[in-house]
Amino acid sequence: MADKETVGGGDTGPRETAPTSAYSSPARSLGDTGITPLSPSHILNDADPVSEQQTFLVVVAIDFGTTSSGYAYSFTKEPECIHVMRRWEGGDPGVSNQKTPTTILLTPERKFHSFGYAARDFYHDLDPNEAKQWLYLEKFKMKLHTTGDLTMETDLTAANGKKVKALEIFAYALQYFKEQALKELSDQAGSDFENSDVRWVITVPAIWKQPAKQFMREAAYQAGLASPENSEQLIIALEPEAASIYCRKLRLHQMIELSSKAVVNGYSASDTVGAGFTQAKEHVRRNRQSRTFLVENVIGEIWSELEEGDKYVVVDSGGGTVDLTVHQIRLPEGHLKELYKATGGPYGSLGVDYEFEKLLCKIFGEDFIEQFKIKRPAAWVDLMIAFESRKRAAAPDRTNPLNITLPFSFIDYYKKFRGHSVEHALRKSNVDFVKWSSQGMLRMSPDAMNALFKPTIDSIIEHLRDLFQKPEVSTVKFLFLVGGFAEAPLLQQAVQAAFGDKCRIIIPQDVGLTILKGAVLFGLDPAVIKVRRSPLTYGVGVLNRYVEGKHPPEKLLVKDGTRWCTDVFDKFISADQSVALGELVKRSYTPAKPSQLVIIINIYSSEHDNVSFITDPGVKKCGTLRLDLTGTSGTAVPARREIQTLMQFGDTEIKATAIDIATSKSVKVGIDFLNY
């Protein structure tokens, strides 16, 4: 009888969830045996240095943010100079435009039209009836964080309610950045810059799950930044790690210290925090180059103060998420070690926008706001832009009210919808801290504005409190507050009040660009991050000898007189375990039946670290290695054939390899979280 394909420890097939107890094992239902560990199993933790095959002329980092995006670059020949995109077309009053809003516009035929301010302004100027045909998307990055079962098919909804594939939108956006950057580089170099000369770095939140990180890589491949065959050309960097790398390079004049422990730059803690920013912006304005770039020299290491083993927390607060990472310095090279796995949540500045929307619903009715968003999408965007600039004016000690202009079409549409005026709605609403001014504005008291920030800031402080309870974090020296939301004085004050006595709180002056600049530095020297925490437990499905009393009876499989326990999860690495970059973990297996012609090894992952079987709840298949054992004459093959399986960890990508020791045949696979 010809041998059938053998399944390594059973294949759960399309069923991903844990079955009920009265099920038959996946392996048994296929009527086949699989692989079994060779005893003793080799466990070699070789941290092989990852060889850099390629040299690039330039590193371009893209900070693809929830609310705004930008890029920066550095030539590998002059790594100390980081060039930051200086001004985007368009721009808002009162908002620095080194980044552009993460908004994208597709034509009614679903072709890419424009990105950023350009997309927003064009959409805005369309006739309202025409605008309904166009697909306008903003703040769509959050979808990757909030979708539990992300796949290549996941949809996004445009402002007009039409659905479009998320992968397409992300690819369009990245392609736009690619074209902008290559054009910029060609202009600078005076000759055409090829994509192959560029190493790309894209930043993602550290708290994103693996499928979302992989999704970003797939979108970049689709946009032509790199290809699966040349995957080293693209680095997916974790946002707080990038910020951490940059913060270590700061010099004192680039920082504003919030703690009362020291006077920095002639400012004491009692001076308003805002003064430091104003001064920094003025400095930048005066030194503006004639070309469009701010070139920054970041060679001066700041801390003679930082010693071997010192720990610090990076709090990256952006538009969508807040990411907390704890790092430790390892001297002499100043490498970073991640001490505690990244935590955080959806507590970005978007939360403040949601609170504002809730307030509008309370005053004008949810039914009206929903209708207004669909019927007058451009006016809704206008209203949120007006809110954004007032939001940036909120401060702890502010006493005068903040005025938000209501678009004319809001006032007009409300009258048609309800039959009475906006002013009437405000009088009737019992919201006493929002008034109507005769100039056609909503007047919010400072307290009302601060109340919109409160839920989001409370969540951040709460999360930090939990983090500071952890033993690894108790002796932290510094807390870096970075990301766009870190510009908010209300957040700065809250962090200072809660943690100023535990550690020194430091904010880089160009706080919104910290991640972007750090990502460039990371691309220039990816080896600076040495140790990460594995976000998941990884292993393969195997057969073990059945042990009475230890193994559940429903896992018993008898084959040719041998009693096997099926579906065993053989662990390579546990969730939250420290992993050196490029670390190889090896295991050796042998076919459970010597005459097998094909071996299939299935790779599984789980968020839990105590996994016993591949059928446990939450275990997902994320890769398959298929090794052909034919092509050797029976005499040359040893009785116990060794199949060596290796997993290489560390980067946001994981690679697995299986080698048939007898024939030196091998197969490789990248771990895949989107297609299983």
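Residues numbered from 1 in each chain as written. Predicted model: local features only at pLDDT ≥ 70, side-chain atom pairs only at ≥ 80, totals over all residues. Heavy atoms only, no water.

1. Points about the pairing of strand β35 (residues 665-670)
Line of reasoning, step 1. With 6 bridges connecting them, strand β34 (residues 655-660) and β35 associate as antiparallel partners. Note that in β35 the partner of Asp 660 across the bridge is Lys 665.
Line of reasoning, step 2. Counting the residues in the hairpin turn of β34 and β35 gives 4 residues, including Ser 664, whose phi is positive at 65°. (Pairing = 2+ DSSP bridges. Helix = DSSP H or I, 4+ residues; strand = E, 2+ residues; numbered from the N terminus.)

2. Describing the sheet that holds strand β8 (residues 103-106)
Line of reasoning, step 1. The antiparallel open sheet is built from 3 strands, whose spatial order is β9-β8-β10. The open sheet has two edge strands, β9 (112-115) and β10 (135-138), and neither has a second partner. Between one strand and the next, the sheet's axes are offset by a mean angle of 20°, whatever the strand orientation.
Line of reasoning, step 2. With 4 bridges connecting them, β8 and β10 associate as antiparallel partners. When the sheet's bridge partners are listed, Ile 104 is paired in β10 with Leu 137. (Axes fitted to C-alpha atoms, helices over the stretch in contact; angles between N-to-C directions.)

3. Focus: the nonpolar core
Across soluble globular proteins, nonpolar side chains show a tendency to be buried alongside one another.
Line of reasoning, step 1. One finds Phe 356, Phe 364, Phe 410, Met 444, Phe 453, Leu 464 and Leu 479 to be the most contacted residues of the largest nonpolar core, which totals 93 residues.
Line of reasoning, step 2. No other element matches the 10 residues that helix α14 (residues 446-469) contributes to this core.
Line of reasoning, step 3. Discounting residues that sit within four places of it in the chain, Phe 364 has contacts with Ile 369, Phe 410, Tyr 414, Arg 418, Val 422, Ala 425 and Leu 442.
Line of reasoning, step 4. Counting 55 residues, the second-largest nonpolar core is a separate cluster that includes Leu 137, Tyr 172, Leu 174 and Leu 238. (Core = buried A, V, L, I, M, F, W, Y, C linked by side-chain atoms within 4.5 Å. Buried < 20%, exposed > 50% of the residue type's maximum accessible area, 1.4 Å probe, protein only. Contact = heavy atoms within 4.5 Å.)

4. Some words on the environment of Pro 407
Line of reasoning, step 1. In this structure, Pro 407 sits in the loop between β20 (402-405) and α12 (408-418).
Line of reasoning, step 2. Separated by 26 residues in the primary sequence, Pro 407 and Val 381 place their C-alpha atoms 9.9 Å from one another.
Line of reasoning, step 3. The contacts of Pro 407, once residues within four sequence positions are left out, are Ala 379, Asp 382 and Leu 383.

5. Some points on helix α11 (residues 377-391)
Line of reasoning, step 1. Between its first and last C-alpha, α11 extends 21 Å over 15 residues, near the 21 Å set by a 1.5 Å rise per residue.
Line of reasoning, step 2. Taken as a whole, α11 has its buried residues at Pro 377, Ala 378, Ala 379, Trp 380, Val 381, Leu 383, Met 384, Ala 386, Phe 387 and Lys 391. (Expected span 1.5 Å × (residues − 1).)

None of this, on its own, says anything about what the molecule does.
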